[in-house]
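Survey of secondary and tertiary structure
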Amino acid sequence: MPSLADAGPDTALGRRPWIAKLAKYSAASLAGVVTSTSTLFLMLEVFDVAPVPSNIAAVTVGAVPNYLINRAWTFNKRGAHSFTREVLPFWGMAILGLIISTFAVAWAAGRYDENTLILMMANVGSFGLLWVGRFFILDRLLFKPLADILEEHEDAEGHFHLHADQVDEPSR
């Protein structure tokens, strides 16, 4: 089976690049899940921190490798990080996941007597709900190559129109 990193045009993955990208996204997500659930477990069991602050720490710690791996490996972005185009929207999605998972963890803590395994499942399950939507947001918006964005807004004469209200008939 070909490596995801070497999915050239002559491989099944190379002919369907979105499959390779989805597989890489899944692996990056797994890295984030391992990091966040390990942090959650340590916070709950080793440091005896309450469930909600433990979840906040776990989501924060897990988001860092998730962002870096997705940016570099899944979406092949190099160079400077765009704060407004990449970092801010990514953390916005991470905060949405944090809010949902914090409610789930708080609910599970009260219902299941702070059972660590159930709290970890509540955390992972919350992010599982957002997983598919995040892939499309990351792929189509955050880490979309700048050349693709410019190409979408280029007119027949090679002029760029980045706002819909600026796209008018060319002046004669």
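Residues numbered from 1 in each chain as written. Predicted model: local features only at pLDDT ≥ 70, side-chain atom pairs only at ≥ 80, totals over all residues. Heavy atoms only, no water.

1. Observations concerning the side chain of Asn-70
What counts here: The helix count covers DSSP runs of H or I at least four residues long, the strand count covers runs of E at least two residues long, and both are numbered beginning at the N terminus. Note on classification: 1.4 Å probe, protein chains only; a residue is buried when its accessible area is under 20% of the maximum for its type, exposed when over 50%, partly exposed between these limits. Under this definition, polar contacts are N or O atom pairs within 3.5 Å; protein pairs additionally need one hydrogen-donor-capable and one acceptor-capable atom, and for neighbouring residues in sequence, both atoms have to be side-chain atoms. Between two residues, a contact is recorded if the distance between any of their heavy atoms is within 4.5 Å.
Mapped onto the elements of the fold, Asn-70 is located in helix 3 (residues 51-74). On the basis of relative accessible area, Asn-70 is assigned to the buried category, the value being 0%. At 2.9 Å, the side chain of Asn-70 forms a polar contact with the side chain of Asn-66. When residues no more than four places from it in sequence are discounted, the contact partners of Asn-70 are Tyr-25, Ala-28, Pro-65, Phe-75 and Leu-138.

2. Re a negative patch on the surface
For the record, the criterion: Grouping into patches uses exposed residues only, defined as over 30% relative accessible area, and leaves out salt-bridged ones; the cut-off is 9 Å for like charges and 5 Å for nonpolar side chains (Val, Leu, Ile, Met, Phe, Trp, Tyr). For accessible areas, the Shrake-Rupley method is used with a probe of radius 1.4 Å. Any residue's cover is judged against the shown protein chains and nothing else. Throughout this description, the term salt bridge denotes a Lys or Arg side-chain nitrogen within 4 Å of a carboxyl oxygen of Asp or Glu. Think of it this way: Lys and Arg go in the positive column, Asp and Glu in the negative one, and His and the chain ends go nowhere. Charge coordinates come from a single atom per side chain, which is NZ of Lys, CZ of Arg, CG of Asp or CD of Glu.
Taken together, Glu-45, Asp-48, Asp-113 and Glu-114 make up a surface patch of like negative charges. Note on placement: Glu-114 falls in the loop between helix 4 (83-111) and helix 5 (116-142).

3. Digging into a nonpolar patch on the surface
A surface patch of nonpolar side chains, amounting to about 400 Å² of accessible area, comprises Phe-41, Leu-42, Val-46 and Phe-47. If you trace the backbone, Phe-47 turns up in the loop between helix 2 (17-46) and helix 3. Look at Phe-47 and you get exposed, because its relative accessible area is 55%.

4. Quick look at the packing of helix 4 against helix 5
Counted only if it meets this: For helices, the fitted axis covers only the stretch in contact; all axes are lines through C-alpha atoms, and the angles between them, taken along N-to-C directions, range from 0 to 180 degrees. Orientation labels follow simple angle bins: below 35 degrees gives roughly parallel, above 145 gives roughly antiparallel, 65 to 115 gives roughly perpendicular, and whatever is left gives oblique. Left-handed describes a crossing in which the near helix is turned anticlockwise from the far one by less than a right angle; the clockwise case is right-handed. Polarity classes work like this: nonpolar for Ala, Val, Leu, Ile, Met, Phe, Trp, Tyr, Cys and Pro, charged for Asp, Glu, Lys and Arg, and polar for all others, with Gly in that last group.
For the pair helix 4 and helix 5, interaxial distance at closest approach is 8 Å and the crossing angle is 160 degrees. In terms of their interaxial angle, helix 4 and helix 5 are classed as roughly antiparallel. For the element pair helix 4 and helix 5, the recorded crossing hand is right-handed. Within the contact of helix 4 with helix 5, the residues separate by chemical class into 20 nonpolar, four polar and three charged.

5. Let's talk about the pattern of salt bridges
Applying the stated criterion across every chain yields a total of three salt bridges. Residues Arg-71 and Glu-86 are paired through a salt bridge, measuring 2.6 Å at the closest nitrogen-oxygen approach. Here Arg-71 is found in helix 3, whereas its partner Glu-86 is found in helix 4, with 15 residues between them in sequence. As far as the burial class goes, Arg-71 and Glu-86 line up, both buried. With a shortest N-O distance of 3.6 Å, Glu-86 and Lys-77 are connected by a salt bridge. Here Glu-86 matches Lys-77 in class, with each residue buried. Connected via shared salt-bridge partners are Arg-71, Lys-77 and Glu-86.

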